[in-house]
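The chain contents come next:
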There are 2 protein chains.
Amino acid sequence: MSRDRETAGRGGISRRGLIGSAGIGVAAAGAGVLAGRMSSPASAAAASAVVPFRAVNQAGIVTPAQDRLHFAVFDVHTRSRAELVDLLKTWTLMAERMTSGHEAAPNGAIGAGTYKPPTDTGEALDLSPSRLTLTIGFGPSLFTTADGVDRFGIASRKPKALTDLPKFTGDALDPARSGGEIAIQACADDPQVAVHAIRNLARVGFGAVSVRWSQLGFGRTSSTSTSQVTARNLLGFKDGTRNIKAEEHDTVDKFVWVDRGDDQAWMAGGSYLVTRRIRMLIEPWDRTTLHEQERVIGRTKGTGAPMGAKDEFDELDLQSAGPSGPLVDKNAHVRLASAEELGGIQILRRGYNFTDGSDGFGHLDAGLFFIAYCRNPLTQFVPMQENLARNDALNEYIKHVGSAVFAVPPGLGADDYWGSTLFAS
Amino acid sequence: MSRDRETAGRGGISRRGLIGSAGIGVAAAGAGVLAGRMSSPASAAAASAVVPFRAVNQAGIVTPAQDRLHFAVFDVHTRSRAELVDLLKTWTLMAERMTSGHEAAPNGAIGAGTYKPPTDTGEALDLSPSRLTLTIGFGPSLFTTADGVDRFGIASRKPKALTDLPKFTGDALDPARSGGEIAIQACADDPQVAVHAIRNLARVGFGAVSVRWSQLGFGRTSSTSTSQVTARNLLGFKDGTRNIKAEEHDTVDKFVWVDRGDDQAWMAGGSYLVTRRIRMLIEPWDRTTLHEQERVIGRTKGTGAPMGAKDEFDELDLQSAGPSGPLVDKNAHVRLASAEELGGIQILRRGYNFTDGSDGFGHLDAGLFFIAYCRNPLTQFVPMQENLARNDALNEYIKHVGSAVFAVPPGLGADDYWGSTLFAS
């Protein structure tokens with residue numbers, strides 16, 4: 001189906017709302033000369049492929065995980081609060097348009113006119129909305145730089161929970177794949193739709209921000225809804241069987257969404273996003289016996305059932321003895337990451353498999369781009385990762401090479417923009 | 001749908017045929033302990049998603065271009081012809097199995113037994129065949145190394161048409177993304193299926209070959225069949241409107257398939273594969289006016305129609321004058337790449353869009369992984385690229401950073417393996 005230039009009447013978004021807002025850097029008049037040729041009515045299927053952009057929480061967190069990912073992290077170069085806020089407002093309008101299947105700006109398929117640069121780069125013109133979600137987060141140094149400078153007057157609003165992660169045992173972090181000041185997670189069922197969205201946001205940010213690092217994820221791992229089957233990571237195992245599911249509202253409220261009383265009021269309804277680029281040493285892994293692989297993970301490879309059980313969703317039995325020691329090894333990944341082991345802690349995982357060419361040593365550079373959302377990384381992700389980093393039998397086969405943490409603001413009401421609860425005085 | 005461990009009765013492949021062949025490095029007996037749990041009947045939809053592996057020509061060339069690509073190039077380390085031939089036989093059996101939706105080896109879902117490494121890495125166990133094709137090609141240095149050594153006794157069989165490409169004007173080639181001795185192109189509608197296939201072929205090649213470079217393509221550009229809509233590249237333009245289509249049998253025979261009398265007999269029914277990693281300088285491109293973009297390409301951005309025409313497939317008018325000079329600029333990309341300009345030359349394009357993180361300078365590392373098949377690169381690709389490299393207005397916005405050429409042997413009969421026409425004495 002084609003994208004059309006009119007937003008009115010689609011996905012509950014009023015065109016007036018878009019055009020009426022400030023901050024978009026292109027004229028609403030002078031609609032593209034080609035708009036008439038590109039327009040076509042939205043199909044029912046396409047409409048159902050739209051994830052609403054405005055809601056109590058940001059989309060892309062408990063949204064059933066889409067198949068593909070493009071994740072981008074920006075450094076901020078402007079020192080002007082007004083310019084940053086303007087960009088966030090522009091991004092919001094563009095994000096709302098693109099997630100509903102439209103071009104990045106309300107100027108038809110092509111742009112503001114023949115003698116201006118197109119206001120949309122065009123590569124998604126013929127593609128469906130593909131359940132695109134765009135989720136924004138703010139890194140620690142956006143609030144206060146390493147040398148203590150409060151560029152944007154928001155240092156006093158920095159949440160206590162937003163702080164660079166500690167160094168974990170075995171970390172081999174590449175600064176060029178770590179940190180950063182603004183994260184945008186684009187998830188979609190069509191990768192070109194996700195790439196298009198990031199590319200267009202980066203495009204209008206030129207001068208104010210630049211891409212610090214980005215990561216393509218070709219296949220989802222963890223499901224985030226009971227409606228989804230569990231997918232496999234590049235170890236070949238089902239990943240995320242015990243993940244928090246969107247339908248478990250109490251668990252989501254307890255472990256994902258920041259509550260009003262937690263910390264900074266502007267984060268109420270938000271979450272914290274942790275990314276870890278986990279390189280898998282797939283060649284040694286592939287030469288390991290099935291027995292060892294299953295011992296390391298603590299599940300059977302075929303069905304994903306816990307050791308000693310029959311089906312994937314059977315209970316994880318951490319108490320019983322097996323033929324040689326505990327049924328689930330004391331250093332098995334599932335044991336160390338389990339709520340039982342961690343005093344009840346859970347996190348919402350949302351990772352993607354990646355393969356980024358070869359590593360220059362004859363191997364594929366492949367692994368898991370781990371994404372987690374939690375209410376407080378310091379009391380959820382950090383103790384979990386400390387336990388895994390020290391004891392996980394899987395450490396022999398993986399290496400954490402990238403790391404970042406971001407404060408993810410709440411969802412948007414009708415008049416909000418990305419970060420409006422933070423920047424509203 | 002689940003993959004099952006039996007190949008009999010699916011896709012026309014007999015299980016006996018697989019097990020009876022030599023060279024597969026795993027035991028056919030002792031089928032995986034979990035096989036029973038993994039089995040499920042193939043659905044009609046899945047069956048239709050299988051592209052036959054054995055045919056007159058290799059699949060993955062005129063096959064309607066799948067959505068996703070994983071392309072890998074190997075260097076060969078063994079100096080033993082027997083070991084290389086054994087690997088090619090093993091790869092053939094694995095490729096045939098995987099393209100029909102099975103695990104890499106006939107040992108059930110998991111492998112040869114609990115105390116052996118799994119014979120399939122597992123990450124595609126629950127996925128459909130996804131129209132996976134695996135296409136092999138041999139680079140110039142497989143026949144004779146740079147210092148003239150004939151490692152495998154095939155120097156006399158090196159086709160004249162298989163020679164390193166000349167340096168073109170503007171080439172900025174990275175040796176780490178160029179050349180190589182064996183190429184395997186994996187195309188599939190599900191990227192995880194393509195990645196899984198390459199990963200498993202690399203796995204069993206350990207010791208004999210290693211990955212020199214690999215490239216993920218997230219979205220197809222050129223269509224190769226009249227049944228497909230034209231897709232867009234990251235310039236935002238429809239790409240490959242005038243591409244050779246599978247249904248144009250005479251054109252395919254003339255420009256894609258090597259004829260018996262052309263050169264080496266073992267290449268009859270084969271083709272030559274040229275890859276170019278073309279980085280797009282998307283940031284300057286995105287700041288260019290629509291007018292300039294359309295002049296550079298020679299088509300309108302919205303519909304893809306040639307300049308002055310109305311619809312995508314309208315005739316390209318290279319003669320008429322426009323408001324200021326020729327309707328189609330004299331340096332427009334479509335003009336310079338046209339058969340009209342090149343004395344009738346055509347090639348079959350099969351490229352993919354890529355985005356590989358950022359370039360360390362604040363930009364996305366994005367572009368087109370160009371793939372072309374032709375009957376003779378020296379008389380087709382080389383003159384075309386010479387013309388483009390010298391004159392194409394697009395050169396301001398692109399940079400060729402990787403290059404390779406491979407001889408692609410013909411398709412496989414019932415008893416053939418990859419390269420059997422080359423290695424049969």
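Residues numbered from 1 in each chain as written. Chains lettered and ligands numbered in written order. Predicted model: local features only at pLDDT ≥ 70, side-chain atom pairs only at ≥ 80, totals over all residues.

(A) View of the overall build of chain A. A tally of regular secondary structure across chain A gives twelve helices and twelve strands. Buried positions account for 59% of the 425 residues belonging to chain A. Here the contacts in chain A between residues at least 6 apart in sequence split such that 76% fall between residues at least 24 apart. (Helix = DSSP H or I, 4+ residues; strand = E, 2+ residues; numbered from the N terminus. Buried ≥ 20, exposed ≤ 12 C-beta atoms within 10 Å, placed from the backbone. Contact = placed C-beta atoms within 7 Å.)

(B) Geometry of helix α4 (residues 81-99) of chain B. With 19 residues, α4 of chain B should cover 27 Å at 1.5 Å per step; its first-to-last C-alpha distance of 26 Å lies within 8% of that length. Across the 19 residues that make up α4 of chain B, a large majority, 15, are buried. (Expected span 1.5 Å × (residues − 1).)

(C) Spotlight on the interface of chain B and chain A. Facing the 60 residues of chain B at the interface are 61 residues of chain A. For the side of chain B that touches chain A, the secondary structure elements donating two or more residues are α2 (35-38), α6 (191-204), β4 (209-217), α8 (282-286), α9 (290-297) and β10 (352-358) of chain B. Among the elements that make up the side of chain B that touches chain A, the one with the highest residue count is β4 of chain B (seven residues).

(D) Geometry of unusual backbone geometry. Here Ser-130 of chain A, not a glycine, exhibits a phi torsion of approximately 55 degrees, which is positive. With respect to the helices and strands, the residue Ser-130 of chain A is situated in the loop between α4 (81-99) and β2 (133-138). In this model, Arg-131 of chain B sits at a positive phi of 55 degrees, which is unusual for a non-glycine residue. When you line up the elements, Arg-131 of chain B lands in the loop between α4 and β2 (133-138). Residue Arg-131 of chain B is classed as buried on the basis of its C-beta count, with 22 C-beta atoms lying within 10 Å.

(E) Broad picture of the packing of α4 of chain B against α6 of chain B. All names here are of chain B. Taken N-terminus to C-terminus, the directions of α4 and α6 make an angle of 160 degrees; their axes are 10 Å apart at the nearest point. In terms of orientation, α4 lies roughly antiparallel with respect to α6. Viewed along their axes, α4 and α6 form a crossing whose handedness is right-handed. Residue-level inspection shows Thr-90, Trp-91, Met-94 and Met-98 of α4 in contact with α6, the latter providing Ala-197, Asn-200, Leu-201 and Val-204. Taken together, the residues of the contact of α4 with α6 sort by class into six nonpolar, two polar and no charged. (Axes fitted to C-alpha atoms, helices over the stretch in contact; angles between N-to-C directions. Parallel < 35°, antiparallel > 145°, perpendicular 65-115°, else oblique. Left-handed = near helix turned anticlockwise from the far one by under 90°. Nonpolar A, V, L, I, M, F, W, Y, C, P; charged D, E, K, R; others polar.)

(F) Representation of the pairing of strand β11 (residues 364-374) of chain B. Residue and element names in this part refer to chain B. Of all eleven residues that make up β11, ten are buried, and the element is covered over most of its length. Pairing between strand β6 (residues 271-280) and β11: eight bridges, direction antiparallel. By the bridge assignment, Ile-278 is partnered in β11 with Leu-368. Between β10 and β11, which pair antiparallel and follow one another directly, the connecting turn spans five residues, one of which, Gly-360, has a positive phi of 85 degrees. (Pairing = 2+ DSSP bridges.)

(G) Expanded view of the environment of Cys-374 of chain B. Residue and element names in this part refer to chain B. You can see Cys-374 is positioned in strand β11. For Cys-374, a count of 27 C-beta atoms within 10 Å puts it in the buried group. Setting aside residues up to four positions removed in sequence, Cys-374 forms contacts with Phe-255, Val-256, Ser-271, Tyr-272, Ile-347, Leu-348, Gln-380 and Phe-381.

(H) Representation of α9 of chain B within the structure. Residues and elements named next belong to chain B. Counting buried positions along α9 gives six out of eight residues, so the element sits mostly inside the fold. All of the buried residues along α9 are Leu-290, Gln-293, Glu-294, Arg-295, Val-296 and Ile-297. Considering only its buried residues, α9 is in contact with α10 (333-336). Note on α9: the residue one or two positions beyond its end, Gly-298, has a positive phi of about 95 degrees.

(I) How the structure looks around the environment of Gly-122 of chain B. Mapped onto the elements, Gly-122 of chain B comes out in the loop between α4 and β2. Residue class for Gly-122 of chain B comes out buried when judged on the 26 C-beta atoms lying within 10 Å of it. Each C-alpha atom, one on Gly-122 of chain B and one on Asp-356 of chain B, is 25 Å from the other, the two residues being 234 residues apart in sequence. Here Gly-122 of chain B is in contact with Arg-232, Gly-236, Phe-237 and Lys-301 of chain A, once residues within four sequence places are set aside.

(J) Just the relation of the copies chain B and chain A, in detail. For these two chains of identical sequence, chain B goes onto chain A by a turn of 180 degrees and a shift of 0.0 Å along the axis, with RMSD 0.0 Å. Put plainly, the chains are arranged around a two-fold axis. The C-alpha atom lying nearest the rotation axis in chain B is that of Asp-356 of chain B; the distance is 3.4 Å. A share of 100% of interface residues in chain B that are also interface residues in chain A marks the association as one of identical surfaces. (Least-squares fit on C-alpha atoms with pLDDT ≥ 70 in both.)

(K) Seen up close, the environment of Ala-332 of chain A. All names here are of chain A. Within the secondary structure layout, Ala-332 lies in the loop between β8 (325-326) and α10 (333-336). For the pair formed by Ala-332 and Asn-391, sequence separation is 59 residues and the distance between their alpha carbons is 8.6 Å. Ignoring any residue separated from it by four or fewer positions in sequence, one finds Ala-332 in contact with Arg-295, Val-296, Ile-297, Gly-298 and Ala-393.

(L) Just the confidence of the model for chain A, in detail. When pLDDT is averaged across chain A, the result is 89; 88% of the residues are at 70 or more. ipTM for the predicted complex: 0.89, alongside a pTM of 0.89. (pLDDT = per-residue confidence, 0-100.)

(M) Inspection of the pairing of β2 of chain A at higher detail. All names here are of chain A. Taken across its six residues, β2 has six buried, putting it largely inside the fold. Burial along β2 is two-sided: Thr-133, Thr-135 and Gly-137 facing one way and Leu-134, Ile-136 and Phe-138 facing the other are all buried. Bridge count between β2 and strand β3 (residues 182-188): six bridges; the pairing is antiparallel. The partner of Phe-138 across the bridge, within β3, is Ile-182.

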